[in-house]
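# Report on the structure
If you want the building blocks of each chain, they are given just below.
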Amino acid sequence: PVVGVDWFDAYAYASWAGKFLPSEAQWERAASANALKVTKTRYPWGDDWDPTKAVWKGLNGAIGAARKAARDAGEVYTGPKPIGNENNEPSGPAEVDDPGFAAGATPEGVLHMAGNVSEWTANLAYVYPGSKVKFEFANTSRIGRGSNYADSAEFLLATDRIWDSPTGALTD
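Below, the structure is looked at part by part. The structure displayed is predicted, hence computed values, not measured ones. Residue indices follow the written sequence of each chain, beginning from 1 at its first position. pLDDT decides what is reported in this predicted model: residues at 70 or higher carry local features, side-chain atom pairs at 80 or more are listed and counted, and totals for whole chains, interfaces and linings draw on all residues regardless. The basis for every side-chain value is the complete set of non-hydrogen atoms in the structure, without hydrogens or water.

### Observations concerning the pattern of salt bridges
Pairs can form between side chains of opposite charge whenever their charged atoms are close. For the record, the criterion: Note on definitions: salt bridges are taken to be side-chain nitrogens of Lys or Arg within 4 Å of carboxyl oxygens of Asp or Glu. Numbering goes from the N terminus for both helices and strands, where a helix is a DSSP run of H or I of at least four residues and a strand is a run of E of at least two.
Taken as a whole and assessed by the stated rule, the structure comprises 5 salt bridges. Of the charged contacts in the structure, one is a salt bridge between Arg161 and Glu24, with a shortest N-O distance of 2.9 Å. Placement of the pair is Arg161 in strand E5 (residues 161-164) and Glu24 in helix H2 (residues 24-32), with a sequence separation of 137 residues. Among the salt bridges present, the one from Lys53 reaches Asp50, with a minimum N-O distance of 3.9 Å. Among the charged side chains, a network of salt bridges with common partners joins Glu24, Glu28, Lys40, Arg145 and Arg161.

### Remarks on the packing of aromatic side chains
Heads up, the condition is: The pairing test for Phe, Tyr and Trp rings, Trp by its six-membered ring, is centres within 6.5 Å, and the orientation test on the planes gives stacked under 30 degrees, edge-to-face over 60, and tilted for anything in between. Relative accessible area decides the class of each residue, using a 1.4 Å probe on protein chains only: under 20% of the type maximum gives buried, over 50% gives exposed, and in between gives partly exposed. Geometrically, a charge over a ring is one whose NZ (Lys) or CZ (Arg) sits within 6 Å of the ring centre while staying within 35 degrees of the ring normal.
Applying the stated rule across the entire model yields 6 aromatic pairs. Between Tyr13 and Trp16, the aromatic rings sit 5.6 Å apart at their centres with planes inclined by 35 degrees, giving tilted as the arrangement. In this pair, Tyr13 and Trp16 are both assigned in helix H1 (residues 7-16), 3 residues apart and thus about one turn of the helix distant. The two residues Tyr13 and Trp16 agree in class, both being exposed. Centre to centre, the rings of Tyr43 and Trp45 are 5.4 Å apart; their planes meet at 5 degrees, and the pair counts as stacked. On the basis of relative accessibility, which here comes to 7%, the residue Tyr43 falls in the buried class. According to the relative accessible area criterion, Trp45 is buried, its value standing at 13%. Clustering of aromatic rings is evident, with ring pairs tying together Trp7, Phe8 and Tyr11. Directly above the aromatic system of Trp7 lies the positively charged group of Arg142, at a separation of 3.8 Å from the ring centroid. The ring of Tyr126 has Arg161 sitting right over it, with the charged end atom 5.0 Å from the ring centre.

Remember that the coordinates give geometry; whether it matters functionally is a separate question.
Next up, the structure:
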């Protein structure tokens, strides 16, 4: 994944590639909808928390059994993990030799919707109707979705959203 890009660079690249940045609704649907059950899930892989299904700082700072399992498996994340192989071909899991993150896929097989890197969406920032969240940059900031490797567990929800200036880079 590419990190440290602002919204304008992400938009320009998507346009150049003949693609587009997803809307928030499209992103959340891909991250949390289970078409088989016509429901939404808390995490991309389902409703139950599993610290081994995402690249996140908890695998560094996890407590108890989760920390021991992460350390024993050599999972120490100081940054995002590459996706694909040496030929830049999608491999599905985080790396060719790391099939473990396939378990974190959505029911439709979409990977890395929680953890690893955050992603820009097409939307301007706005406050949901009825929300108590207040921020001064509504309608000028852009929305990012998908937590990143530096986040803690409470930010790995499929519904988590972040906002930033379009000229700033999302925190990986």
